[in-house]
Number of protein chains: 4
Amino acid sequence: MKRVGIIGTGIMGTDHARLLTSSVSGARVAGVHDLDPVRAAEVALASGGARVFGNPYELIVDDDIDAVLVASSDDTHEEYVLACINAGKPVLCEKPLAPTVEACGRILDAEDKSGTRLVSVGFMRRFDPGYTQMKRMLQLGEIGAPLILHCVHRNPAAVPGLPGAAVITNSAVHELDITRWLLDEEIIEVSVHAPRATSHGGGTPDPQILLLRTASGAVADVEVFVNARYGYDVRAELVGELGTVTLDGPPPTVLRRSGMDGRALPADWRPRFAEAYRLELQDWVDGTGGAATAWDGFAATFVAQACVRALETGTAQPVALPPMPELYR
Amino acid sequence: MKRVGIIGTGIMGTDHARLLTSSVSGARVAGVHDLDPVRAAEVALASGGARVFGNPYELIVDDDIDAVLVASSDDTHEEYVLACINAGKPVLCEKPLAPTVEACGRILDAEDKSGTRLVSVGFMRRFDPGYTQMKRMLQLGEIGAPLILHCVHRNPAAVPGLPGAAVITNSAVHELDITRWLLDEEIIEVSVHAPRATSHGGGTPDPQILLLRTASGAVADVEVFVNARYGYDVRAELVGELGTVTLDGPPPTVLRRSGMDGRALPADWRPRFAEAYRLELQDWVDGTGGAATAWDGFAATFVAQACVRALETGTAQPVALPPMPELYR
Amino acid sequence: MKRVGIIGTGIMGTDHARLLTSSVSGARVAGVHDLDPVRAAEVALASGGARVFGNPYELIVDDDIDAVLVASSDDTHEEYVLACINAGKPVLCEKPLAPTVEACGRILDAEDKSGTRLVSVGFMRRFDPGYTQMKRMLQLGEIGAPLILHCVHRNPAAVPGLPGAAVITNSAVHELDITRWLLDEEIIEVSVHAPRATSHGGGTPDPQILLLRTASGAVADVEVFVNARYGYDVRAELVGELGTVTLDGPPPTVLRRSGMDGRALPADWRPRFAEAYRLELQDWVDGTGGAATAWDGFAATFVAQACVRALETGTAQPVALPPMPELYR
Amino acid sequence: MKRVGIIGTGIMGTDHARLLTSSVSGARVAGVHDLDPVRAAEVALASGGARVFGNPYELIVDDDIDAVLVASSDDTHEEYVLACINAGKPVLCEKPLAPTVEACGRILDAEDKSGTRLVSVGFMRRFDPGYTQMKRMLQLGEIGAPLILHCVHRNPAAVPGLPGAAVITNSAVHELDITRWLLDEEIIEVSVHAPRATSHGGGTPDPQILLLRTASGAVADVEVFVNARYGYDVRAELVGELGTVTLDGPPPTVLRRSGMDGRALPADWRPRFAEAYRLELQDWVDGTGGAATAWDGFAATFVAQACVRALETGTAQPVALPPMPELYR
């Protein structure tokens with residue numbers, strides 16, 4: 001029975017606590033910390049009586065905590081993840097691993113020096129049954145060698161005036177990770193092609209089209225649209241030399257009502273990826289190693305920064321990742 | 001941590017052991033019995049070191065067993081479930097509760113006398129996300145009052161020459177249960193309309209069309225076809241006064257290959273209902289009471305027997321269930 | 001250039017005039033009659049200057065009319081079709097051929113005596129690309145020998161209090177014809193199973209489930225629901241020994257809007273079967289003989305009357321068609 | 001009755017002759033020319049006895065020919081279309097209007113000087129029910145202002161070693177036209193992003209991704225893949241500020257067979273766009289002016305040449321169309 005400590009009980013931390021308590025085998029929430037002690041106490045109670053820690057570092061080093069889940073604000077990820085590495089404890093960090101390439105690099109160095117892979121990054125789509133089946137079909141040769149990956153990532157609404165960089169680092173970063181994971185290779189060049197912005201975004205350069213070229217010469221195009229209004233919608237088609245695989249929406253029913261025959265779209269990502277989150281946590285608790293590593297977290301932020309430069313300069317940007325440390329081979 | 005004993009380690013028992021060990025929160029397999037002690041030992045080992053019991057009744061009464069899962073052959077269900085009731089232990093019995101109305105009735109009486117609901121029956125479809133969303137949409141009024149339920153239940157192949165009665169009691173029984181559960185009322189009349197039999201069934205009267213009339217006057221039609229050859233396929237459409245809800249297949253991807261654009265069908269029921277089994281077990285471990293009760297198990301067998309008579313006589317059969325005991329209100 | 005005379009310029013007659021004028025090769029509307037001479041004149045004008053006839057019998061025998069399209073009220077079909085047979089002119093009669101078995105029989109006798117097949121009946125679904133592809137796949141052996149045909153036929157709304165018999169003779173009659181045509185054999189027994197009626201039909205026994213057994217032992221089940229509210233919806237699945245074929249809705253686009261991903265449903269049958277009507281008329285003008293014959297029209301009315309008796313008596317009804325005259329072999 | 005002369009009886013010319021004879025109202029094939037007189041004679045015979053012309057210019061000026069359909073090889077389009085303009089006769093020219101911008105420009109000048117719009121170009125997709133419904137939904141405001149158009153255009157196989165330019169001018173040119181037509185504005189910048197080439201193309205740079213930016217700032221991305229192997233597949237999604245519209249494949253049935261549930265894909269473009277061709281010809285015969293004009297033909301070739309330069313240079317290319325002549329306003 002793995003005893004998990006959770007740092008940060010916002011939307012994601014609370015949801016992870018619920019899943020660990022009710023739907024994951026072999027784990028329980030043993031400790032909780034949040035800047036808001038009332039909120040932490042509520043989650044601790046709902047988790048069947050976990051201990052509330054006033055200090056996150058005390059939680060990390062406590063003998064009754066076997067592993068740590070970091071779901072606090074992005075800018076705090078680095079210090080907590082580093083503390084976990086120092087304490088020699090497995091840590092699952094919500095994406096992004098850290099907001100800057102430099103911060104990600106410090107985590108990578110620390111873990112590499114420690115000699116043990118302790119860090120997982122919460123790119124949950126790697127556990128989504130649609131994406132995993134897509135990868136399996138690719139591996140089985142069903143569609144031949146991959147050439148193009150078409151991605152669509154739409155949210156109904158974002159904060160008005162959200163900077164264009166945040167569209168990439170918050171949203172498109174999922175596709176940056178999934179492209180690397182699905183094709184099992186690095187992205188070497190990126191460009192961003194923004195149409196006229198929607199009038200519903202308060203000035204945000206939205207939607208955007210990202211073009212990602214991989215080491216083998218495959219190309220991914222990603223539409224990211226954070227003010228798409230009509231619903232949350234994530235789609236992908238992987239085109240190979242012999243055929244294609246397309247994600248199909250998970251709503252398990254079709255409704256015919258009021259002149260329409262169709263499927264309801266979720267309002268946000270949580271119902272869409274509920275199963276992915278559960279499987280991600282189960283994998284982490286089991287230690288089976290399916291999650292994104294610190295290297296993956298570093299690479300995602302590295303590529304995202306190149307995309308931000310491409311957006312800002314209007315020109316294609318090479319992506320020259322440093323060599324991958326031995327630890328991640 | 002609920003300690004579960006499993007009686008019977010065939011396909012279903014082994015699968016339940018795996019789920020309890022790897023994917024369900026708050027439970028572990030603590031004891032295993034099977035007629036084949038080698039098989040029992042294998043499952044016990046894979047479950048992380050459960051104890052193997054040579055005698056199922058010893059497993060049932062053992063102090064280290066909190067709850068029992070019965071997945072042995074159908075004709076043994078009655079005696080094991082009765083022993084669990086006597087021992088005051090929760091029991092999840094694979095469907096059917098028992099093969100005859102009389103045997104089901106004896107279980108019902110025993111449980112009613114015990115004054116506590118201990119028995120759950122493994123009609124896993126009640127936990128399938130498609131069926132539960134269908135029921136939720138009905139309850140939300142999305143389609144108005146229900147009028148018709150169309151069901152299709154196809155297996156690729158059955159034992160050649162399987163008796164017509166077994167097509168009903170093994171396969172169609174799932175639809176008998178789901179009709180009662182979805183519409184939340186009893187079936188009061190049944191008839192069976194068999195087309196010419198397929199040439200691939202070795203003489204089995206297959207396919208069959210069952211018509212079920214409920215107390216409120218809704219009608220369910222059920223095509224059950226156990227030698228459909230092309231794949232495992234379960235579908236349903238619930239027609240209300242304002243609209244309809246249709247199950248949509250769960251394969252999360254579409255494959256375009258060799259001149260075809262479509263979804264792969266599973267070879268049998270296990271991938272189709274994998275999520276339903278997991279949720280059923282989690283519900284049982286949590287004691288949240290979503291599963292079919294002994295009354296539901298009794299009613300399913302009762303209606304199935306009426307369908308068998310309808311098949312054999314070619315005439316509609318009334319279904320006059322005895323009054324439901326107070327315990328199940 | 002075939003010169004067509006149209007009798008009756010209601011919805012269907014006007015629509016046929018438009019198609020003959022604008023979308024069919026080798027024909028033009030040369031004469032028009034309607035009880036309402038203003039309406040007839042409007043259609044004649046829109047058809048490029050056809051002649052208006054005050055008397056339908058004069059239209060039928062006029063030397064400048066090569067063929068006649070009967071789209072007047074059902075009870076007038078018999079006399080006009082008989083007049084066409086007497087005049088030796090091809091006639092396309094909207095369904096039903098005539099409202100009673102007796103009237104259909106008189107037409108059949110007259111045509112049989114004339115020794116020439118002059119009568120076509122407007123069961124346009126025989127030309128719908130979906131149904132024709134379904135039949136082609138059956139004929140190609142794609143699904144093996146047919147066993148079951150599932151049909152759904154839903155209209156959004158009917159006249160309140162429409163008699164139950166009219167639900168069959170107006171609506172379900174299309175499925176009676178399509179079952180005979182698709183399976184290429186006669187229906188030999190029918191029964192009707194009405195659920196509780198919808199509260200939106202003003203007392204009409206609606207929906208209804210018809211069960212039709214064919215000579216070879218296949219079974220068709222037909223849901224007909226004329227107050228389905230949500231849209232016009234016609235679907236069918238043909239189940240064979242090796243696979244199935246399902247009609248797929250013809251709207252050529254999917255709309256994602258307001259939380260829904262789906263296809264718009266037509267409000268009535270005309271957009272749904274627009275292509276079928278065009279192909280039906282082209283076939284008739286070409287004389288290629290794809291349409292339903294007088295025998296088919298007779299049989300559809302014959303089976304419909306048996307269904308009405310089944311509805312009224314609550315018992316299965318045998319369908320003993322007289323021998324098919326030599327002319328229709 | 002419009003008397004049509006056809007120049008060129010290859011695949012397209014023969015198909016047009018068949019449609020004009022059998023499925024279009026108000027026209028007949030009156031003259032046929034082909035380099036191969038035997039082939040011309042066959043088509044003339046199948047068209048009900050058209051006259052065979054040994055000289056295409058004699059066909060064009062003949063008094064018994066009202067309008068001309070040019071379906072000869074691309075490099076002959078210019079001279080025949082110019083001859084039609086000189087003769088003052090309507091001409092429907094298969095795409096491309098001409099292979100070079102200069103040749104297209106000469107046609108444009110000649111027509112402009114003639115002062116009458118006589119030339120139509122056979123971009124048949126403008127008549128496809130899917131594209132027309134997409135445009136209608138856009139015009140009705142169903143999806144708000146357009147931002148992105150995603151296009152996919154796949155053929156199963158092309159001539160091995162086909163030059164990259166031909167992938168654009170033969171195939172992607174359809175999307176160049178449809179983008180202009182759908183968004184009703186000009187393309188002002190293009191770039192081409194080729195992934196690693198498929199190993200099944202004999203060296204053709206295939207697939208390609210084209211990015212097209214329009215005057216208002218919308219962006220179209222076009223995957224063109226002429227050796228996609230698995231089937232002919234054309235898809236498009238138009239993304240607006242409020243929702244999206246997606247083309248849905250026209251096969252009217254779903255087949256469940258051999259473990260798969262799906263729709264058959266056509267082998268080439270003819271079944272896919274059969275209805276578009278028929279409607280295009282009917283529109284042309286009716287003179288309703290829905291087809292692409294000489295200006296559209298010029299613009300398509302102009303943009304295609306910019307895409308070829310973008311492919312060859314690897315850089316984005318501005319597209320500076322000359323002013324549109326008054327005649328096309």
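Residues numbered from 1 in each chain as written. Chains lettered and ligands numbered in written order. Predicted model: local features only at pLDDT ≥ 70, side-chain atom pairs only at ≥ 80, totals over all residues. Heavy atoms only, no water.

- Looking up chain A in an unreviewed UniProt entry gives the name Inositol 2-dehydrogenase, with the organism given as Catenuloplanes indicus.
- Per its UniProt entry, chain A bears the Function (unreviewed entry) comment "Involved in the oxidation of myo-inositol (MI) to 2-keto-myo-inositol (2KMI or 2-inosose)."
- Here chain A is described in UniProt, under the heading Sequence similarities (unreviewed entry), as follows: "Belongs to the Gfo/Idh/MocA family." (UniProt positions renumbered as here; feature names shortened; annotations may be inferred.)

**Observations concerning the overall build of chain A**
Turning to step 1, where the next piece is worked out: Within chain A one finds ten helices and 16 strands.
Turning to step 2, where the next piece is worked out: For 329 residues, the compact-globule estimate of 2.2 N^0.38 gives 20 Å, and the C-alpha radius of gyration of chain A, at 20 Å, lies within 12% of that figure.
Turning to step 3, where the next piece is worked out: Referenced to the eigenvectors of the C-alpha coordinate spread, the extents of chain A come out at roughly 55 × 50 × 45 Å.
Turning to step 4, where the next piece is worked out: Counting over 329 residues, chain A shows a buried share of 63%. (Helix = DSSP H or I, 4+ residues; strand = E, 2+ residues; numbered from the N terminus. Rg over C-alpha atoms; globule rule 2.2 N^0.38 Å. Buried < 20%, exposed > 50% of the residue type's maximum accessible area, 1.4 Å probe, protein only.)

**Section: the UniProt feature "domain: GFO/IDH/MocA-like oxidoreductase" (unreviewed entry) in chain A**
Turning to step 1, where the next piece is worked out: In the UniProt entry, the feature "domain: GFO/IDH/MocA-like oxidoreductase" (unreviewed entry) is given for residues 131-245 of chain A.
Turning to step 2, where the next piece is worked out: Within residues 131-245 of chain A, the helical portion is 25% and the strand portion 36%, while the C-alpha atoms at the span's ends are 10 Å from each other.

**What about the sheet that holds strand β6 (residues 119-121) of chain A?**
All names here are of chain A.
Turning to step 1, where the next piece is worked out: If you trace the seven strands from one edge of the open sheet to the other, you get β3-β2-β1-β4-β5-β6-β15, paired in mixed fashion. The open sheet has two free edges, formed respectively by β3 (51-52) and β15 (292-293), since each of these has just one partner strand.
Turning to step 2, where the next piece is worked out: Its contacts with the sheet put helix α1 (residues 11-22) on β1 (2-7), β2 (27-33) and β4 (67-70), and the angle it makes with β1 is roughly 165°. (Pairing = 2+ DSSP bridges. Contact = heavy atoms within 4.5 Å. Axes fitted to C-alpha atoms, helices over the stretch in contact; angles between N-to-C directions.)

**Observations concerning the relation of the copies chain B and chain D**
Turning to step 1, where the next piece is worked out: By a simple turn and slide, chain B fits onto chain D: the slide is 0.0 Å along the axis, the RMSD is 0.0 Å, and the turn is 180°. As the rotation angle and translation indicate, the two copies are arranged about a two-fold axis. The position closest to the rotation axis in chain B is occupied by the C-alpha of B:Gly262, lying 1.8 Å away.
Turning to step 2, where the next piece is worked out: A share of 100% of the interface residues of chain B reappears at the interface of chain D, consistent with the copies meeting face to face through the same patch. (Least-squares fit on C-alpha atoms with pLDDT ≥ 70 in both.)

**Some points on the interface of chain A and chain D**
Turning to step 1, where the next piece is worked out: Counting from both sides, the interface comprises 38 residues of chain A and, opposite them, 38 residues of chain D.
Turning to step 2, where the next piece is worked out: Both faces considered, chain A and chain D share a buried interface measuring about 2800 Å² in area, 56% of it formed by carbon and sulfur atoms.
Turning to step 3, where the next piece is worked out: The largest share of the area that chain A buries against chain D comes from A:Leu147, A:Arg196 and A:Glu241, three residues that together contribute 23% of it.
Turning to step 4, where the next piece is worked out: In this assembly, chain A and chain D are joined by six salt bridges.
Turning to step 5, where the next piece is worked out: Between A:Arg235 and D:Glu237 there is a salt bridge; the shortest N-O distance is 2.9 Å. (Buried area = accessible area lost by both parts, 1.4 Å probe. Salt bridge = Lys/Arg side-chain N within 4 Å of Asp/Glu carboxyl O.)

**What to know about the side chain of B:Thr76**
Turning to step 1, where the next piece is worked out: Here B:Thr76 lies in the loop between β4 (67-70) and α4 (77-87).
Turning to step 2, where the next piece is worked out: When its relative accessible area of 14% is taken as the criterion, B:Thr76 is described as buried.

**Comments concerning helix α6 (residues 129-139) of chain A**
Turning to step 1, where the next piece is worked out: Considered for burial, the residues of α6(A) that qualify are A:Gly130, A:Tyr131, A:Gln133, A:Met134, A:Lys135, A:Met137 and A:Leu138.
Turning to step 2, where the next piece is worked out: Turning to α6(A), the residues buried within the fold contact β7 (146-154), α7 (164-183), β11 (233-240) and β12 (243-247) of chain A together with β13 (253-257) of chain B.
Turning to step 3, where the next piece is worked out: Backbone geometry just downstream of α6(A) places A:Gly141 in the positive-phi region, at approximately 85°.

**Points about the state of the cysteines**
Residue and element names in this part refer to chain A.
Turning to step 1, where the next piece is worked out: Within the structure shown, the criterion is met by zero disulfides over all chains.
Turning to step 2, where the next piece is worked out: Summary of cysteine pairing: Cys93 is not part of a disulfide, and the nearest cysteine sulfur, belonging to Cys104, is at 8.8 Å.
Turning to step 3, where the next piece is worked out: Counting only cysteine sulfurs, Cys307 is the nearest neighbor of Cys151, a cysteine outside any disulfide, at a range of 12 Å.
Turning to step 4, where the next piece is worked out: On the accessibility criterion, Cys151 (2% relative accessible area) is buried. (Disulfide = S-S within 2.5 Å.)

**Focus on the pattern of salt bridges**
Turning to step 1, where the next piece is worked out: Taken as a whole, this structure holds 108 salt bridges over all chains when the rule is applied.
Turning to step 2, where the next piece is worked out: Linking B:Asp15 and B:Arg18 is a salt bridge whose minimum nitrogen-to-oxygen distance equals 3.1 Å. On the criterion of helical spacing, the pair formed by B:Asp15 and B:Arg18 is a turn pair, its members being three residues apart in helix α1 (residues 11-22).
Turning to step 3, where the next piece is worked out: Among the residues examined, B:Asp15 registers a relative accessible area of 18% and is labelled buried.
Turning to step 4, where the next piece is worked out: Note on B:Arg18: relative accessible area 45%, which makes it partly exposed.
Turning to step 5, where the next piece is worked out: What emerges from the salt-bridge pattern is a single network uniting A:Arg154, A:Glu223, A:Asp233, A:Arg235, C:Arg256, C:Asp261 and D:Glu237.

**Examining the packing of α6(A) against α7(A)**
Residues and elements named next belong to chain A.
Turning to step 1, where the next piece is worked out: Running from N to C, α6 and α7 point in directions that differ by 30°, and their axes come no closer than 11 Å. Between α6 and α7, the angle falls in the class roughly parallel. Crossing hand, α6 versus α7: right-handed. Taking contact as the criterion, the partners of Tyr131, Thr132, Met134, Lys135 and Leu138 in α6 are, on α7, Glu175, Ile178, Trp181 and Leu182.
Turning to step 2, where the next piece is worked out: Of the residues contributing to the contact of α6 with α7, the split by class is six nonpolar, one polar and two charged. (Parallel < 35°, antiparallel > 145°, perpendicular 65-115°, else oblique. Left-handed = near helix turned anticlockwise from the far one by under 90°. Nonpolar A, V, L, I, M, F, W, Y, C, P; charged D, E, K, R; others polar.)

**What to know about the domain arrangement of chain A**
Residue and element names in this part refer to chain A.
Turning to step 1, where the next piece is worked out: Here chain A is partitioned into domain 1 (2-121) and domain 2 (125-328).
Turning to step 2, where the next piece is worked out: Contacts between the two partners involve 37 residues from domain 1, matched on the other side by 26 residues from domain 2.
Turning to step 3, where the next piece is worked out: Both faces combined, the contact of domain 1 with domain 2 buries some 2800 Å², and carbon together with sulfur accounts for 69% of it.
Turning to step 4, where the next piece is worked out: In terms of surface lost to domain 2, no three residues of domain 1 exceed Val101, Leu108 and Arg117, which account for 22% of the buried area on that side.
Turning to step 5, where the next piece is worked out: Applying the counting rule to domain 1 against domain 2 returns zero salt bridges.
Turning to step 6, where the next piece is worked out: Counting the contacts that link domain 1 with domain 2 gives seven residue pairs in polar contact (both at pLDDT 80 or more).
Turning to step 7, where the next piece is worked out: Breaking the side of domain 1 that touches domain 2 down by element, the ones donating at least two residues are β1, α1, β4, β5 (91-93), α5 (101-114) and β6.
Turning to step 8, where the next piece is worked out: Among the elements that make up the side of domain 1 that touches domain 2, the one with the highest residue count is α5 (six residues).
Turning to step 9, where the next piece is worked out: Residue composition of the side of domain 1 that touches domain 2, by class: 22 nonpolar, nine polar and six charged. (Domains from an automatic or database assignment. Polar contact = N/O pair within 3.5 Å; in protein donor to acceptor, adjacent residues only side chain to side chain.)

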